[in-house]
Amino acid sequence: MKWIKNLESIAITKTSGKCPHCGSNNTDYTFVGNVGGVGYGEIWCNDCKSAYHLSRVLITKEYNLNKEIPKNIIYR
Ligand SMILES: [Zn+2]
């Protein structure tokens, strides 16, 4: 799982860290859903457009929530 370090980074620092594909620090993430419920997450790189989808995440208010997800991302 290429994005495991990014998941760890989000859990610990609330930032998404280095892109596992191109090494850029220009990554971002969002969790989508209502606080207290289960939603989903997306992590992406703004440079090479690589992205990762998390299908079930617990939504809590300390994370980036409901940000706009770029349209041209590639899941890999
Ligand atoms: Zn990248």
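My aim in this report is to walk through the structure given alongside it, one point at a time. (Residues numbered from 1 in each chain as written. Predicted model: local features only at pLDDT ≥ 70, side-chain atom pairs only at ≥ 80, totals over all residues. Heavy atoms only, no water.)

1. Here's the deal with the overall build of the protein
For step 1, the next point in the chain: Secondary structure assignment for the protein yields one helix and four strands.
For step 2, the next point in the chain: When the helices and strands of the protein are placed in sequence order, the string is α-β-β-β-β.
For step 3, the next point in the chain: Relative to the globule expectation of 11 Å for 76 residues, the C-alpha radius of gyration of the protein, 11 Å, shows essentially globular dimensions.
For step 4, the next point in the chain: Considering only C-alpha atoms, the protein reaches an extent of 35 × 25 × 20 Å along its principal axes.
For step 5, the next point in the chain: When the 76 residues of the protein are sorted by exposure, 34% land in the buried category.
For step 6, the next point in the chain: The contacts of the protein with a sequence gap of at least 6 include a subset with a gap of at least 24, amounting to 43%.
For step 7, the next point in the chain: In the protein, which carries 10 positive and 6 negative side-chain charges, the distance between the mean positions of the two groups comes to 3 Å. (Helix = DSSP H or I, 4+ residues; strand = E, 2+ residues; numbered from the N terminus. Rg over C-alpha atoms; globule rule 2.2 N^0.38 Å. Buried < 20%, exposed > 50% of the residue type's maximum accessible area, 1.4 Å probe, protein only. Contact = heavy atoms within 4.5 Å. Lys, Arg positive; Asp, Glu negative; His and termini not counted. Charge placed at Lys NZ, Arg CZ, Asp CG, Glu CD.)

Structural measurements only, silent on function.
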